[in-house]
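# Notes for the structure review
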Amino acid sequence: MARGHLYTFHRLSGTADLTLGEGVEQLREAGHAELADRIERELVGRNVIEGRWTFQIMEEYDDTYWSVFRDLERTAREELVGGRRHLFEAELKESERTRGRRHHEAAPDDRGPQAP
């Protein structure tokens, strides 16, 4: 979830910067060249944190945290539960589904007798 929010931050920041560039052009066209120049010089294309645009934050997050998290999660899952994922949800599905009913199959290849 955190990675998704970080990606959303990246997209929103990038969109805002592109939109700001359009606003700068509109200011310039409206005769406010000095203000447009200042905004363009000081804000358009500016790093969001020291030395980095948001794509660089995403890359660093992926390289230094997310990839390690994924590797260790996969290792734990393989060692502890034979690599299975979503254990809670799989158990919940088994307890909630109506066996033998179409669209209640345990898995895509579970094509046993189907009631109408």
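Located above this text is the structure these notes cover.
This structure is a prediction, so every number in the text was calculated from the model and none was measured.

## Considerations on the packing of aromatic side chains
Taken as a whole and judged by the stated rule, the model has four aromatic pairs. Summarising the aromatic geometry, the rings of Tyr61 and Tyr65 are spaced 5.5 Å apart at their centres and angled 45° between planes, so their arrangement reads as tilted. Here Tyr65 and Tyr61 lie together in helix 3 (residues 54-81), a separation of four residues that amounts to about one turn. Summarising the aromatic geometry, the rings of Tyr65 and Phe69 are spaced 6.0 Å apart at their centres and angled 40° between planes, so their arrangement reads as tilted. Of the two residues, Tyr65 and Phe69 are both situated in helix 3; the distance of four residues between them amounts to about one turn of the helix. Accessibility expressed as a relative area gives 42% for Tyr65, which makes it partly exposed. The exposure class assigned to Phe69 is partly exposed, which follows from its relative accessible area of 42%. Within the aromatic cluster, the residues linked to one another by ring pairs are Tyr61, Tyr65, Trp66 and Phe69.

## Considerations on the packing of helix 1 (residues 2-29) against helix 3
Two numbers describe how helix 1 lies on helix 3: the axes approach to 9 Å, and their chain directions differ by 165°. It follows that helix 1 is roughly antiparallel to helix 3 by the angle criterion. Handedness of the helix 1/helix 3 crossing: left-handed. Contacts between helix 1 and helix 3 involve Ala2, Arg3, Leu6, Tyr7, Phe9, His10 and Ser13 on the former and, on the latter, Thr54, Phe55, Ile57, Met58, Tyr61, Asp62 and Trp66. Counted by class, the contact of helix 1 with helix 3 contains nine nonpolar, three polar and two charged residues.

## As for the environment of Gln56
Of note, Gln56 is situated in helix 3. Considering only alpha carbons, one finds Gln56 and His10, 46 residues apart in sequence, at a separation of 9.4 Å.

## Observations regarding the layout of surface pockets
For the largest pocket, the calculated volume is near 340 Å³. Lining the largest pocket are 17 residues, with Ser13, Gly14, Asp17, Val48 and Thr54 sitting closest to its centre. Those elements that provide at least two residues to the lining of the largest pocket are helix 1 and helix 3. For the lining of the largest pocket, the element with the highest residue contribution is helix 1, accounting for nine residues. Across the lining of the largest pocket, the residue classes break down as seven nonpolar, seven polar and three charged. As for the second largest pocket, its lining consists of Trp66, Phe69, Arg70, Glu73, Arg74, Arg77, Arg85 and His86.

## Let's talk about the side chain of Thr54
Its location among the elements puts Thr54 in helix 3. Relative accessible area serves as the criterion here: at 8%, Thr54 is assigned to the buried category. Apart from the residues within four sequence positions on either side, Thr54 is in contact with Phe9, His10, Ser13 and Val48.

## Details of a nonpolar patch on the surface
On the surface, Phe9, Val48 and Ile49 cluster together to form a nonpolar patch covering roughly 240 Å² of accessible area. Following the sequence through the fold, Ile49 ends up in the loop between helix 2 (33-42) and helix 3.

Basis of the calculations
Residues numbered from 1 in each chain as written. Predicted model: local features only at pLDDT ≥ 70, side-chain atom pairs only at ≥ 80, totals over all residues. Heavy atoms only, no water. Phe/Tyr/Trp six-rings, centres within 6.5 Å; stacked < 30°, edge-to-face > 60°. Helix = DSSP H or I, 4+ residues; strand = E, 2+ residues; numbered from the N terminus. Buried < 20%, exposed > 50% of the residue type's maximum accessible area, 1.4 Å probe, protein only. Axes fitted to C-alpha atoms, helices over the stretch in contact; angles between N-to-C directions. Parallel < 35°, antiparallel > 145°, perpendicular 65-115°, else oblique. Left-handed = near helix turned anticlockwise from the far one by under 90°. Contact = heavy atoms within 4.5 Å. Nonpolar A, V, L, I, M, F, W, Y, C, P; charged D, E, K, R; others polar. 1 Å grid on protein atoms, 1.4 Å probe; cavity = no way out; pocket = protein on both sides within 12 Å on 5 of 7 lines; lining within 4 Å. Points joined across faces, edges and corners; volume = space filled by probe spheres on them. Patch = residues over 30% accessible without salt bridge, like charges linked within 9 Å, V, L, I, M, F, W, Y side chains within 5 Å. Areas by Shrake-Rupley, 256 points an atom, 1.4 Å probe, with all protein chains shown as cover. Salt bridge = Lys/Arg side-chain N within 4 Å of Asp/Glu carboxyl O.

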